[in-house]
Number of protein chains: 2
Amino acid sequence: MSTKPYKDFEPQWITTPPVEKSYRSIMKWGDPAAYKRPKEGLYKLIKKQFNLTDDDFKQMADVGNEVVDIKVPSHLSDKQLAELKAIVGDDNVTTDEFKRLQVGYGKTMIDIMRLRKGIVENLPDAVVYPSTTEDMEKLVEFAKKNKVHIYVYAGGSSVTRGTECMIVPNMILDLRKNFNKVIAFNEVNQTITVQPGISGPDLEKILNEAPENFGAAHRLTCGHFPQSFEYSCVGGWVVTRGSGQNSTYYGCAADLVLCQEYVTPVGRIRTDSAPRKATGPNIDQIMMGSEGTFGILTEVTLKVFKLSAKHRKFSYMFPTWEDGMAAMREVMQGEFGYPSVFRLSDAEETDMMMHMYGIADSPLNALLSAKGFKPSKRCLLLGFADGEDGLQRNIVKNIRKIAHKYNAMSLTGYVTTSWEHGRFSDPYMRDTIQDYGIIIDTLECAVNWDNMAQVHEDVRKVVKAWPNAICTTHISHCYPQGANLYFIFVIKTTDLDAFKKYHSTILEAIMKSGAALSHHHGIGKLFAPFLPGSIGEEQMNLLKALKHYFDPDGLMNPGGTLGLDKHPDNF
Amino acid sequence: MSTKPYKDFEPQWITTPPVEKSYRSIMKWGDPAAYKRPKEGLYKLIKKQFNLTDDDFKQMADVGNEVVDIKVPSHLSDKQLAELKAIVGDDNVTTDEFKRLQVGYGKTMIDIMRLRKGIVENLPDAVVYPSTTEDMEKLVEFAKKNKVHIYVYAGGSSVTRGTECMIVPNMILDLRKNFNKVIAFNEVNQTITVQPGISGPDLEKILNEAPENFGAAHRLTCGHFPQSFEYSCVGGWVVTRGSGQNSTYYGCAADLVLCQEYVTPVGRIRTDSAPRKATGPNIDQIMMGSEGTFGILTEVTLKVFKLSAKHRKFSYMFPTWEDGMAAMREVMQGEFGYPSVFRLSDAEETDMMMHMYGIADSPLNALLSAKGFKPSKRCLLLGFADGEDGLQRNIVKNIRKIAHKYNAMSLTGYVTTSWEHGRFSDPYMRDTIQDYGIIIDTLECAVNWDNMAQVHEDVRKVVKAWPNAICTTHISHCYPQGANLYFIFVIKTTDLDAFKKYHSTILEAIMKSGAALSHHHGIGKLFAPFLPGSIGEEQMNLLKALKHYFDPDGLMNPGGTLGLDKHPDNF
């Protein structure tokens, strides 16, 4: 994707698609033919940070290009498999090992590391491709009768071991093949009803082309663009309470959902489409976040938006992190409307971005330094506004005013454009660099403004405890009362156990910091051990009571999800 | 309050405060010394509608000015009362009949009718005034040990028999005396933490005076102004999921709540203040709407807003209901920001308002008719914008554009100002008119745009089935996907049973129409029989499972609330 040749030595990045049916073909992010390598400035930064030389980039680590050749018998009997085929059709059940491994893991770093090393754990017993809600009801009845555990896979972009099949016998329902249809479009209410296996880009294309597809008067958008957008599905957005990068304006998945249908062991739950109501506890909000432990999401109605013809970009350099945070908070409490993307990088991330976008080596860098915006102090704020043009204009005008109050310098829209170009393709770089044993991973949490600086300091300290760790942080997904704090860490290791332990220390630091354990990644099985410490025993007991109500036999995504039962690995 | 003398005969309205310790002193809305009578035009309209003459306004109906003189023994033993006094102090427990009746009913029309007739039902056994969360924990322990049922009273403005003490033995916790304190103010996060017995005006005054009270940089507002504002409390807003008249901009109570604490029979639940999270089902959203059936709200942290220096008003006359609705929807889907108050009256309400605001008799009326805005067709849209000035300007500009597109005529801000003057005092008129046997009551529901016209037609038909009923309707509390539809009905009766039956037919019509049973009044005991028909058996079972978890002995607000158990009257 980045094509400018290096001036000096350049490693032999893997630019070819993964070997067919290899571990790499499963683990690699996105389009098999696409890859992304760091720009030369970033490569040099990495070498410097980790005390490496070009020689270290001549030997590859595990790249996982071996063909998957395993024999793992299914725990389901032939009779059971025949029953499943009777429900969904012969072509929609498979026990083929490669296909099972394809949906066995998500995109958690632990998953990637296991696949690179050819470690097969928790292989699902069968992959099933249902088509209809009726299929789902029959599958749940089958599961109850046969005590077969149910896992659900859609985009597979979980970073929490959310879909991993811990308990046997089981089946995993892959929604991408048949459970991905548009059920209804409602122009008057501005909603679309879909099956949860529809992917982000498919949904967005259908909405962008609403005039052609539905005779609608306007082009529309779903407003939800997580970094995993290209390979995530609506179902995952909803059941984990995800957020897109534009959530400051459009809201998180939980805001976008108008109503839903779930198939649970105690029956089908279908909420109504009233825009708001005072009819007891909010049942949509009970189901969202249940991460497959109460039942299977089978239908969701999303609020959609008019597609903005253009969006207004801005970026500012602040002298310090404190100035940037104060400005950001003032914007969010300014009541002039919210920008769509709104993101403040800390000093380390700012320096990194200066390298990624080629600014570190440009005359602009000298100008910034001359004006007192010093490396390892200065912080970059970027974003853009969506919505009607007058709203956008008013937002960027007020942001400019506030930025100047805090002594920021405008960098025009250039930086924002660079960020936009990389927003969905940056994950590709993670694979390329990891081929040389360098890991990029992320963790995030939700924080109030009055605790933001402290959480940043506390968690960063733990991340930095790994020798030579790079830790870049940004604030994004903002609210008047706080925001998401997002940590990206880069370390050099291929040691799975050491990594797991390190990862846990960061989660523990988040838990202890007073931040919420996750703003939008969810909990899954990996974060669950820290959930009781985060929300407390009383809330855990309530979640367990709900679990017991919906799923008394413990059939739905069992093995530690949300800490509602135990799995051998984490407990 | 309205002082312009009638030209012709004027009834002898009761303008004096209720007799001390009378039924009327309990039932009368608001300030004892204040009253509101209809303007002459409205009085004439009422006479015409109900085929009445001035003679009908010479004989009063039941006005309830008799002194309460009843003997109703408490079901609590002296030992139990002593235990209660040991918890909250001697002065904070009473079995005095008048004080018990004062908190025995809410402001449901059925309550008013009973008090006018001196009908005492379901008198609480004792009134208790707790001060702290620790008091609450001890009271709940006492209740568990003694099998005493707990009811909670704060503002007492329920219109759903929400707080009525159906099951004995019981105690009612009146929060207004001691449980009304500010616990914390956080300027950085822009939040205030209060006990739920604080009243709307007390909270608003404290926030308006934030610079004086807390040294804050800005004057603030809670943004929540239900019609009952002056006599409602924060606790009621939250546990019933109320909405203020400005909710289109500020959000409903459920949006304003950042976190909460409840004391329940299974312990204290305290949520954290993260602005948003992906850590499982949303527990705040389980507790809000539980209407006292899971536990007692003891603390709530509210998001607050900068007080707008001014707000921009608008009002438009539309040729038809359909035009007004189309414009309203276009505004809500226009993505230029939301107005704060936003309200479209149907033709009957518009005609009524023309009388109330004295426009029916003014030259403006002639001009409107000449321009084709015909009575019984034309519909009035009014509102104002809050927030930063640029946002306000952009909103009213876009509303003007859309109004003109749908052939509306601007009426300037005059009508909106008239509405504002009456927004909190109109409930006073209900008492004045009822002294002559004419009832004003309201019901409301939440509706999607594509079903709005149909629900309006269906429900209106049932309201109109009462002979000569006046039925005025408006749309308010708007969203991109729909809005609240609010019915005000005026009928002539003093027959309690006939009224109950009539009220039920309207609730049934709402239930059958596809609207949600309530947008912001809540469910209580009065609406509960229709909840299963509205949300379905599966959702009712889930609510019952939650009830069973929190309150296995059925001690918390029992007797039909939310349909979680039965009360003799309704089932």
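Small disclaimer: the values here were computed from a predicted structure and weren't measured.

The next subject is the interface of chain B and chain A. Each side of the interface is counted separately: chain B has 81 residues, and chain A has 81 residues. Taken over both partners, the interface formed by chain B and chain A buries close to 6400 Å², and the fraction arising from carbon and sulfur atoms is 55%. Of all residues in chain B, B:Arg276, B:Glu335 and B:Gln481 bury the most surface against chain A, accounting for 13% of the area lost on that side. Connecting chain B to chain A are two salt bridges. B:Arg276 is the partner of A:Asp255 in a salt bridge, and the nearest nitrogen-oxygen pair spans 2.9 Å. Of all the elements, helix α22 (residues 537–550) of chain B adds the most residues to the side of chain B that touches chain A, at nine residues.

This next bit is on the relation of the copies chain B and chain A. Mapping chain B onto chain A calls for a screw motion: a turn of 180 degrees about the axis and a shift of 0.0 Å along it, with 0.0 Å RMSD after fitting. Given the turn and translation reported, the copies of this chain are related as if by a two-fold rotation axis.

Residue and element names in this part refer to chain B. What the five strands build is an open sheet, ordered β5-β6-β10-β8-β9; its pairing is antiparallel. Two strands in the sheet have a free side with no partner beyond their single neighbour: β5 (182–186) and β9 (267–270). Each adjacent strand pair in this sheet contributes to an overall mean axis angle of 10 degrees, direction not counted. On the sheet, helix α6 (residues 133–146) packs against β8 (257–264), β9 and β10 (296–303) and is oriented at approximately 40 degrees with respect to β8.

Turning next to the state of the cysteines. By definition, a disulfide links the sulfur atoms of two cysteines through a covalent bond. According to the stated counting rule, one finds zero disulfides over all chains in the structure shown. Take A:Cys379: it sits in no disulfide, and the sulfur closest to it among the cysteines is that of A:Cys471, at 13 Å. Take A:Cys379: its relative accessible area is 0%, and that puts it in the buried class. Counting only cysteine sulfurs, B:Cys222 is the nearest neighbor of B:Cys259, a cysteine outside any disulfide, at a range of 17 Å.

A few words on the packing of helix α2 (residues 40–49) of chain B against helix α14 (residues 347–356) of chain B. All names here are of chain B. Between α2 and α14, the least distance of the axes is 7 Å, while the angle of their chain directions is 135 degrees. On the basis of the axis angle, α2 is oblique to α14. Contacts between α2 and α14 involve Gly41, Leu42 and Leu45 from the former and Met352, His355 and Met356 from the latter. Tallied by class, residues from the contact of α2 with α14 come to four nonpolar, two polar and no charged.

About the criteria used
Residues numbered from 1 in each chain as written. Chains lettered and ligands numbered in written order. Predicted model: local features only at pLDDT ≥ 70, side-chain atom pairs only at ≥ 80, totals over all residues. Heavy atoms only, no water. Contact = heavy atoms within 4.5 Å. Buried area = accessible area lost by both parts, 1.4 Å probe. Salt bridge = Lys/Arg side-chain N within 4 Å of Asp/Glu carboxyl O. Helix = DSSP H or I, 4+ residues; strand = E, 2+ residues; numbered from the N terminus. Least-squares fit on C-alpha atoms with pLDDT ≥ 70 in both. Pairing = 2+ DSSP bridges. Axes fitted to C-alpha atoms, helices over the stretch in contact; angles between N-to-C directions. Disulfide = S-S within 2.5 Å. Buried < 20%, exposed > 50% of the residue type's maximum accessible area, 1.4 Å probe, protein only. Parallel < 35°, antiparallel > 145°, perpendicular 65-115°, else oblique. Nonpolar A, V, L, I, M, F, W, Y, C, P; charged D, E, K, R; others polar.

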